[in-house]
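# Tertiary structure, described
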Amino acid sequence: MVTTMATRVESLSSSGINSIPKEYVRPQEELTSIGNVFEEEKKEEGPQVPTIDLKEVDSEDIVVREKCRADLVKAAKEWGVMHLVNHGISDDLIDRVKKAGQAFFDLPIEEKERYANDQVSGKIQGYGSKLANNASGQLEWEDYFFHLIFPEEKRDLSIWPKTPNDYIEVTSEYARQLRGLATKILSVLSIGLGLEEGRLEKEVGGVEELLLQMKINYYPKCPQPDLALGVEAHTDISALTFILHNMVPGLQLFYQGKWVTAKCVPNSIIMHIGDTIEILSNGKYKSILHRGLVNKEKVRISWAVFCEPPREKIILKPLPEIVTETEPAQYPPRTFAQHIEHKLFRKSQEAPLSK
């Protein structure tokens, strides 16, 4: 048990160390771009992650509705990430989801270890920390809890936190509501490509097969935040990713050749377009490169829900209706599993998502 605990970033953080172990230190070329996240978040100049108000997404007034939908489509094409407000999920439910996740991570490490995953044997759900199998062979300054939260019949409730006692109830309700929001977003994105509204959802697995996987990321205080990353630069493999956080900044997006720090927008859900939608849209919608910074003063927690197609059942490729002679397919056909393998291989070659 002690050897496992030694790998938890939380135990490193609370041990009182002043310098971080070398495997957490980023390479020199990356260090030049890592700044103080609180100062970065205050910057007003330069591009800012768009905020999309979904209040009128189903308005009776066609002009108002179309304007709302056009704004979402524009953000998906230009940025591939946005703050969603008036998204229809109550502040109270979101607050309860955050409190439940926070309460789990507030447990002593020995308690959390009862939920430990075992990545080597393929048991990926549960409490864990990054193993040194990422592109750089380096570690990231985070612990996490990972579990499938929807469809309900595919969940394994035996590995869900029993403490706090409302964890299962609030997380399940959030999953149901988020699944509805995913349908709404996918329909707007479909129409934005000139397709019928149900098309993208069908292509990513539909009601039966689209999986929602939640990863609660716990980023402890870091004594040398200018040397580490909570999560290294990557694009999401999902169709869509929805993120809540505890209002501590950390998310950065690589936009027009520069790292842009996302502001903390109250009562919002951050949404990323993932590789799956980028591929289906033949690159019209963007899966943006992003990373997470850490800091000395405050623990950061985020709740990321990845909406993923089934691994083997669907071939992901640009939809034939949007492939033309002047805009040929930019991505070869692959299953979701093959796309993951391809990314891991590309990553080991230190290259971004290839077209």
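The residue numbers shown here count from 1 along each chain, following its written sequence. For this predicted model, a pLDDT threshold of at least 70 governs which residues receive local features, and a threshold of 80 or more governs which side-chain atom pairs are given and counted, while totals over whole chains, interfaces and linings are taken from all residues. In computing side-chain properties, one takes all heavy atoms of the structure into account and sets aside hydrogens as well as water.

## Details of the sheet that holds strand S12 (residues 300-308)
With mixed pairing, the eight strands of this open sheet are ordered in space as S1-S2-S10-S7-S12-S5-S4-S3. This sheet does not close on itself; its edge strands, each paired only once, are strand S1 (51-53) and strand S3 (126-129). Neighbour-to-neighbour, the strand axes of this sheet turn through a mean angle of 25°, independent of strand direction. Whether two strands pair depends on DSSP finding at least two bridges between them. Numbered from the N terminus, helices here are DSSP runs of H or I no shorter than four residues, and strands are runs of E no shorter than two. Of the strand pairs in this sheet, strand S7 (residues 240-245) and strand S10 (residues 269-273) are connected by four bridges, and their pairing is antiparallel. Bridge pairing links Ile243 to Ile270 in S10. By definition, residues are in contact when any of their heavy atoms lie within 4.5 Å. Whenever a helix is involved, its axis is fitted only over the stretch in contact; in every case the axis is a line through C-alpha atoms, and angles between N-to-C directions fall within 0 to 180 degrees. Strands in contact with helix H6 (residues 91-106) are S3, strand S4 (143-150), strand S5 (211-219), S7, S10 and S12; relative to S12, the strand with the most contacts, it is inclined by about 115°.

## Describing the UniProt feature "domain: Fe2OG dioxygenase" (unreviewed entry) in the protein
UniProt's entry tags residues 210-309 with the feature "domain: Fe2OG dioxygenase" (unreviewed entry), counted in the numbering of this structure. With 6% helix and 45% strand, residues 210-309 has its two end C-alpha atoms placed 5 Å apart. UniProt positions are given in the numbering used here, feature names are shortened, and annotations may be inferred rather than shown by experiment.

## Considering the sheet that holds strand S9 (residues 258-261)
Pairing within the open sheet is antiparallel, and its four strands lie in the order S6-S11-S8-S9. Two strands in the sheet have a free side with no partner beyond their single neighbour: strand S6 (231-234) and S9. Strand-to-strand twist in this sheet, taken as the mean axis angle between neighbours without regard to direction, amounts to 20°. Pairing between strand S8 (residues 251-255) and strand S11 (residues 290-292): three bridges, direction antiparallel. Bridge assignment links Leu251 to a residue of S11, and that residue is Gly292.

## Some remarks on the packing of aromatic side chains
The geometry of an aromatic ring pair comes down to the distance between the two centres and the angle between the two planes. Only Phe, Tyr and Trp rings are paired, with Trp represented by its six-membered ring, and only when their centres lie within 6.5 Å; those with planes under 30 degrees apart are stacked, over 60 edge-to-face, the remainder tilted. What the rule picks out here adds up to 11 aromatic pairs. Ring geometry for Phe104 versus Tyr115: centroids 5.5 Å apart, planes at 80°, classification edge-to-face. With Phe104 in helix H6 and Tyr115 in the loop between helix H7 (109-112) and S3, this residue pair connects regions lying 11 residues apart in the sequence. Tyr115 matches Phe104 in its accessibility class, with the two residues each being buried. Note on exposure labels: buried denotes an accessible area under 20% of the residue type's maximum, exposed denotes more than 50%, and partly exposed covers the range between, all computed with a 1.4 Å probe on protein chains only.

## A word on the packing of helix H5 (residues 62-78) against helix H8 (residues 167-192)
For any two helices packed against each other, one specifies the inter-axial angle together with the distance between the axes. Relative to each other, H5 and H8 sit at 80°, their axes nearing to 10 Å. What the angle tells us is that H5 and H8 run roughly perpendicular. Facing H5, whose interface residues are Arg69, Leu72, Val73, Ala76 and Lys77, H8 presents Ile185, Val188, Leu189, Ile191 and Gly192. For the contact of H5 with H8, the class distribution of residues is seven nonpolar, one polar and two charged. Any angle that falls under 35 degrees is termed roughly parallel, while one over 145 is termed roughly antiparallel, one within 65 to 115 roughly perpendicular, and all others oblique. Amino acids outside the nonpolar list (Ala, Val, Leu, Ile, Met, Phe, Trp, Tyr, Cys, Pro) and the charged list (Asp, Glu, Lys, Arg) are all regarded as polar, and Gly is one of them.

## Some words on the pattern of salt bridges
For this document, the term salt bridge refers to a Lys or Arg side-chain nitrogen within 4 Å of an Asp or Glu carboxyl oxygen. Counted according to the given criterion, the structure contains 23 salt bridges. With a closest N to O distance of 2.9 Å, Glu10 and Lys112 form a salt bridge. On the criterion of sequence distance, the pair formed by Glu10 in helix H2 (residues 9-14) and Lys112 in helix H7 is long-range, its members being 102 residues apart. Here Glu10 matches Lys112 in class, with each residue buried. Across the pair Glu78 and Lys74 runs a salt bridge, and its minimum N-O distance is 3.6 Å.

## Some words on H5
Between the first and last residue of a helix there are one fewer steps than residues, each counted as 1.5 Å, and that sum is the expected span. With 17 residues, H5 should cover 24 Å at 1.5 Å per step; its first-to-last C-alpha distance of 24 Å lies within 8% of that length. Along H5, the positions that sit buried rather than exposed are Cys68, Arg69, Leu72, Val73, Ala75 and Ala76. The buried residues of H5 occupy an angular sector of 160° when projected down its axis, which confines them to one face. In H5, the exposed positions that point more than 90 degrees away from the buried face belong to Val63 and Lys67. Residues of H5 that are buried make contact with S1, strand S2 (81-85), H8 and S10. Polar contact is the term for a pair of N or O atoms within 3.5 Å; when the atoms are in protein, one must be able to donate a hydrogen and the other to accept it, and sequence-neighboring residues count only if both atoms are side-chain atoms. Structurally, the start of H5 carries an N-cap: the backbone nitrogen of Val63 is 3.0 Å from a side-chain oxygen of Asp61. The arc in question is formed by the directions pointing from the helix axis toward the C-beta atoms.

## Some words on the environment of Val63
With respect to the secondary-structure elements, Val63 resides in helix H5. Relative accessible area serves as the criterion here: at 63%, Val63 is assigned to the exposed category. Between the C-alpha atoms of Val63 and Glu41, which are 22 residues apart in sequence, the distance is 34 Å.

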